[in-house]
Amino acid sequence: MAKLPVDVVVLVDQFGPRLNRIPATGWNADIEPDRLVKTHCCFCGQQCGIQLKVKGNRVIGFEPWEDFPFNQGRLCPKGVKRYMQDEHPDRLKSPLMRKEGTGFVPVSWEEAMDKVASEICRIQQTFGNDAFALIGGASLTNEKAYLMGKFARVAVRTANIDYNGRLCMVSAGVASKKVFGLDRSANPWSDIPKAKVILAAGSNVAECSPITTHYFWQARENGAKIIILDPRMTPIARNADLYIPVRSGGDIGVFNGMLNVMIERGWIDRAFLAQHTTGWEQVEEIVRTYTPEYASKVAGVPASMIVRAAEIWGPAETSFLLHARGLEHHSKGVQNCMAAMNLVLATGRIGREGCGYAMITGQGNGQGGREHGQKCDQLPGGRDIENPEHRKYVAGIWGVPEESIPKKGLTFVPILEAIHAGKIKGMLSICCNPMVSLPNTSWVREALEKLEFYCTIDFFLSEAGRYADVVLAGSLMEEDEGTTTNVEGRVIHHRKAVDPPADALVDWKIICDLAARLGAGDKFSYNSPAQIFEELRVASKGGPNDYYGITWERIDHEQGVFWPCPSLDHPGTPRLYEGGRFAHPDGKAHMQPVEWRPAAEEPDVDYPVILTTGRVVSQYLSGSQTRRIGALVDQYPQPLCEIHPLLAKRFGINEGDFVKVESRRGSVIVRAAVVKTIRPDTVFVPYHWPLERAANNMTVRDIDPMSNIPEYKICAVRVSKAPEPEDSISELEVQAGGIR
Amino acid sequence: MIHLETIMRADSVQTAPQVCMHCEEPICAQVCPADAIKKTPDGIVQSSLKPRCIGCSNCVLACPFGVPKYRVEINQMMKCDMCYDRTSIGKRPMCATVCPSGALTYTTREDIERTRQGLAIRNWQFGDEAVRTKVNVLVPRSVERIDVGVEQLGVTHTDRYDVAALLAGD
């Protein structure tokens, strides 16, 4: 609400981010843990199995879990250092309330929850139910994601619930539902090593889904060829058989151009298309116009690369296509994905061993978190909030009248637009840091400042939490229990290792208590997350994302269970679409013709350079967790602007210079990294840092009309040498947004 | 104790993890004036013994792979010991266990021959000095020995990974 209660430097001093470098019991080889808890990483969608070492009520270390099949003990720096979040000096141990001039003061749960409930009531009574918005997150367990969706429709009764996966997986989700009929990777990762050709578009595999690297390399040892599309030569691209430095947003040129060549050379499985798909005629008509010469212009790469890609992909016996945010974070993200799916379907190489398709889900529970109702248009089990039968079924489970379930609400960016327009007055968020992760940061800040009431549930005070009126101290993954669903669609079990410290509470209890204060306590009388999962099973039964046959016991015995799993004796479904049976009622895949169009903001005379944004391996999302871990910050302390020497020379920039990267919406000042491993028309800034170092200061808030995902991967900037910054922000430590 | 080197970031994203190579005739042990570096019968070259190490950095200078590092806060050399607490009880070293790409791996020669196209070799030539290590590297089948020359930092360059050059292809 309004401006920050006190200067940001004071808040950083009180609440961090500070770096933790020492485990709870020190670096002491003699201390034996009491137990090892088999669980999963709290970070990305790979959801690697890991064991946490516990002594008393403290997590003191980790041990690889070599028997979990997905990663077999493998991890990445984030997973290895994850336990440094426990016993952290910044850890929130009680609710906080905003105090003007001071910052935040600890208050009792009673006072905090009273305030939240009364503000929700006041705002809804004054401005209508939809004037209060809820934001969930894709790192929440399935149980909590389900709870948030139910909380929105039954306790708060607002249509306006959405989640931070809106910034992540929705382009892939809309495309996959439209074409294949289901929103899930089509194959388990075990099919990757059996593919003779792998094509990965917009995925910095080595840094963003590190374990997947080993799957690619196994395929390569089996003779596979690897094709990588990315404006930057990332570690996976360096070792590719064919690296295509596609211009940001130009992927349709490659996909349609490849199909053009494949049609000419007879590498289309027309029998498969006739039997198992609709829409090929329209697709063929469009791609016939994407000659290599035209495709080359769209993609920004030599025509020979597109031809070469077709020559590798076209005749292959088996193949696997994957994509991630580089393809999806566009105002045409859905269309980018559908064009990629055409490449898969045109060869018929799906639904069998070594033949597959996957979207590489980014967030820990990006898959499960987009299935059970915390999206504005969704009900549990992947059901549709506007479908009368779906509404009736779920209303029956929840014990509420069908009419009381709101209709479809607004997605994340439109929610902020509604705040600006004065239509939404209050917001409660969990598992989300919009001051770093939403585009166009200054516009986001203005929205948060405009809210009459803002509450966050979190375990650290994030950059967004600094704008809150009430901060509720929630739980780390290891302090709660539940399931998530990994990149493959495998439902897995996060086991509780320790209790939350001091007065922090497990998230689900906070939500249930709030629900009770809003008069819906009878609908939220759970005693454990296990009970929530039992209800989730029934609520998802018969829906597209059917979890009914999945239990925690089955997960433990079977090392995870793949949905759909409609009954307790069903083995689960690792591989979808076997026999060419797709998930639409007609059993066919619905191919979509895709025509390229420019991004919302292309470079021009005033802002002549493309900015693309992304990640580094040692940081996770908004950095709220990983910018508090010493070893991870040491690995890559501050954001750099990657710039090609040809472009750097134009602007008189040398390695290590301070540079201002500026768009129409904002800027950063960071050091330059002059590297040949990026297109000379493009610069790259990773987005994990806040304030004057936030890459999202510059990005556009334009969204894909079908998925509503923001266009993070391209906007127009200018780059210039800058004097060394000397403001109070730059003097903060690097993990807080300073600069060295 | 593993050093992850980025070779020439301006030109390439290539990285090389450097573990202790556990030389058959460890030069670090040979040059140590305090006899603080020992090799166990299973061929693992241990880190420095605390009661003996005098922090002179002879080993730091002598190791051809640049492995031992002097730690000022304890006035002692530290280096990879193949996670002896793990490997001595049948576990794998931590680095090879967690490596997400399989670039580091702890396994039998048979397993490598079965699953990898490269050849595992452990013979090195540093100028006139031949070094045989316990740790192997995977090389193309045509390579028999790794001859290590000297490159000057900041002078050696490659355009092999220059995206501008790739785009100029046609």
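These numbers were taken from a predicted model, which means no experiment stands behind them. (Residues numbered from 1 in each chain as written. Chains lettered and ligands numbered in written order. Predicted model: local features only at pLDDT ≥ 70, side-chain atom pairs only at ≥ 80, totals over all residues.)

Draft legend 1. Expanded view of the overall build of chain B. Regarding its fold elements, chain B presents 6 helices and 7 strands. Secondary structure elements of chain B, listed N to C terminal, follow the sequence β-β-α-α-β-β-α-α-α-β-β-β-α. With respect to the three principal axes, the spread of C-alpha positions in chain B is 65 × 40 × 30 Å. Within chain B, the fraction of its 170 residues that count as buried is 21%. For chain B, the share of sequence-separated contacts (at least 6 apart) that also reach a separation of at least 24 residues comes to 39%. (Helix = DSSP H or I, 4+ residues; strand = E, 2+ residues; numbered from the N terminus. Buried ≥ 20, exposed ≤ 12 C-beta atoms within 10 Å, placed from the backbone. Contact = placed C-beta atoms within 7 Å.)

Draft legend 2. Focus on the domain arrangement of chain A. All names here are of chain A. Domain boundaries in chain A define domain 1 (19–85), domain 2 (96–168 + 368–530), domain 3 (189–359) and domain 4 (609–736). The C-alpha-based centres of domain 1 and domain 4 are spaced at 31 Å. The interface is formed by 11 residues belonging to domain 1 together with 13 residues belonging to domain 4. Here the residues of the side of domain 1 that touches domain 4 are counted per class, giving 6 nonpolar, 2 polar and 3 charged. (Domains from an automatic or database assignment. Nonpolar A, V, L, I, M, F, W, Y, C, P; charged D, E, K, R; others polar.)

Draft legend 3. How the structure looks around the interface of chain B and chain A. On the side of chain A, 33 residues touch chain B, which itself brings 23 residues to the contact. Where the side of chain B that touches chain A is concerned, the elements lending two or more residues are α4 (94–98) and α6 (163–167) of chain B.

Draft legend 4. Main features of the sheet that holds strand β2 (residues 49–55) of chain A. Residues and elements named next belong to chain A. Spatially, the 3 strands line up as an open sheet ordered β1-β2-β3, and their pairing is antiparallel. In this open sheet, the two strands that pair with only one neighbour each are β1 (35–40) and β3 (58–64). Neighbour-to-neighbour, the strand axes of this sheet turn through a mean angle of 35°, independent of strand direction. Across 6 bridges, the pairing between β2 and β3 is antiparallel. Its bridge partner lying in β3, Gln51 is registered against Glu63. (Pairing = 2+ DSSP bridges. Axes fitted to C-alpha atoms, helices over the stretch in contact; angles between N-to-C directions.)

Draft legend 5. Structural detail: the nonpolar core. Residues and elements named next belong to chain A. Core analysis: the biggest nonpolar cluster contains 254 residues, and Ile198, Ile227, Met258, Cys641 and Val661 have the highest contact counts within it. Sorting elements by how many residues they give to this core places helix α15 (residues 333–347) first, with 10 residues. For Val661, the contacting residues outside a window of four places in its chain are Leu611, Cys641, Ser667, Val668, Val670, Val683, Val685, Met698, Val717 and Val719. (Core = buried A, V, L, I, M, F, W, Y, C linked by C-beta atoms within 7 Å.)

Draft legend 6. Structural context of unusual backbone geometry. Residues and elements named next belong to chain A. The step from Gly16 to Pro17 runs through a cis peptide bond, and the omega angle for that step is 20°. Structurally, Pro17 is set in the loop between α1 (8–15) and β1. With an omega dihedral of -5°, the bond running from Trp563 to Pro564 counts as a cis peptide bond. Considering the arrangement of structural elements, one finds Pro564 in the loop between β21 (561–562) and β22 (589–590).

Draft legend 7. Region of interest: the confidence of the model for chain B. Residues of chain B with pLDDT of at least 70 account for 98%, and the chain-wide mean is 94. For this predicted complex, the interface confidence reaches an ipTM of 0.96, while the overall pTM sits at 0.98. (pLDDT = per-residue confidence, 0-100.)

Draft legend 8. Summary view of the pairing of strand β24 (residues 640–643) of chain A. Residues and elements named next belong to chain A. Alternating residues of β24 divide into Leu640 and Glu642 and Cys641 and Ile643, and every residue in both groups is buried. Of the strand pairs in this sheet, β24 and strand β26 (residues 667–674) are connected by 4 bridges, and their pairing is parallel. Pairing of Ile643 across the sheet is with Val674, part of β26.

Draft legend 9. The arrangement of the sheet that holds strand β6 (residues 132–136) of chain A in detail. All names here are of chain A. With mixed pairing, 7 strands are arranged side by side in an open sheet as β5-β4-β18-β17-β16-β6-β7. Both edges of this open sheet fall to β5 (103–106) and β7 (161–163), since each of them pairs with a single strand only. Ignoring which end each strand starts from, the neighbouring axes of this sheet average 20° apart. Across 3 bridges, the pairing between β6 and β7 is parallel. Within β7, the position partnered with Leu134 by the bridge is Ile161.

Draft legend 10. Quick look at the packing of helix α4 (residues 142–156) of chain A against helix α21 (residues 529–540) of chain A. Residues and elements named next belong to chain A. Here α4 crosses α21 at 70°, and the two axes come no closer than 9 Å. Considered as vectors, α4 and α21 are oriented roughly perpendicular to each other. Between α4 and α21 lies a crossing whose hand is left-handed. Each of Asn142, Glu143, Tyr146 and Leu147 in α4 lies in contact with α21, whose residues at this interface are Pro529, Ile532, Phe533, Leu536 and Ala539. Grouping the amino acids of the contact of α4 with α21 by side-chain chemistry returns 7 nonpolar, 1 polar and 1 charged. (Parallel < 35°, antiparallel > 145°, perpendicular 65-115°, else oblique. Left-handed = near helix turned anticlockwise from the far one by under 90°.)

Draft legend 11. Expanded view of the packing of helix α12 (residues 292–299) of chain A against helix α13 (residues 303–313) of chain A. Residues and elements named next belong to chain A. It is the contact of α12 with α13, at a shortest axis distance of 8 Å, that shows an interaxial angle of 110°. With respect to α13, the element α12 is oriented roughly perpendicular. Here Pro292, Glu293, Ala295, Ser296 and Ala299 of α12 lie close against α13, whose contacting residues are Ala303, Ile306 and Val307. Here the contact of α12 with α13 is built from residues that sort into 6 nonpolar, 1 polar and 1 charged.

Draft legend 12. Focus on the environment of Ala694 of chain A. Residues and elements named next belong to chain A. For Ala694, the location among the structural elements is in the loop between β27 (682–686) and β28 (715–721). With 28 C-beta atoms packed within 10 Å, Ala694 lands in the buried category. The spacing of Ala694 and Ser667 is 27 residues in sequence and 8.2 Å in space, taken between C-alpha atoms. Each residue touching Ala694, except ones within four places of it in the same chain, is listed here: Val436, Thr441, Val668, Tyr687 and Trp689.

Draft legend 13. Structural detail: the environment of Leu451 of chain A. Here Leu451 of chain A shows up in the loop between α19 (441–450) and β17 (453–458). What makes Leu451 of chain A buried here is the crowd of 21 C-beta atoms within 10 Å.

Draft legend 14. Structural detail: helix α3 (residues 109–127) of chain A. All names here are of chain A. With 19 residues, α3 should cover 27 Å at 1.5 Å per step; its first-to-last C-alpha distance of 27 Å lies within 8% of that length. Within α3, the full set of buried residues consists of Ala112, Met113, Val116, Glu119, Ile120 and Ile123. Buried residues along α3 cover an arc of 125° about the axis, so they all sit on one side. For α3, the exposed residues lying more than 90 degrees away from the buried face are Glu110, Ser118, Gln125 and Thr126. (Expected span 1.5 Å × (residues − 1). Arc of directions from axis to C-beta.)

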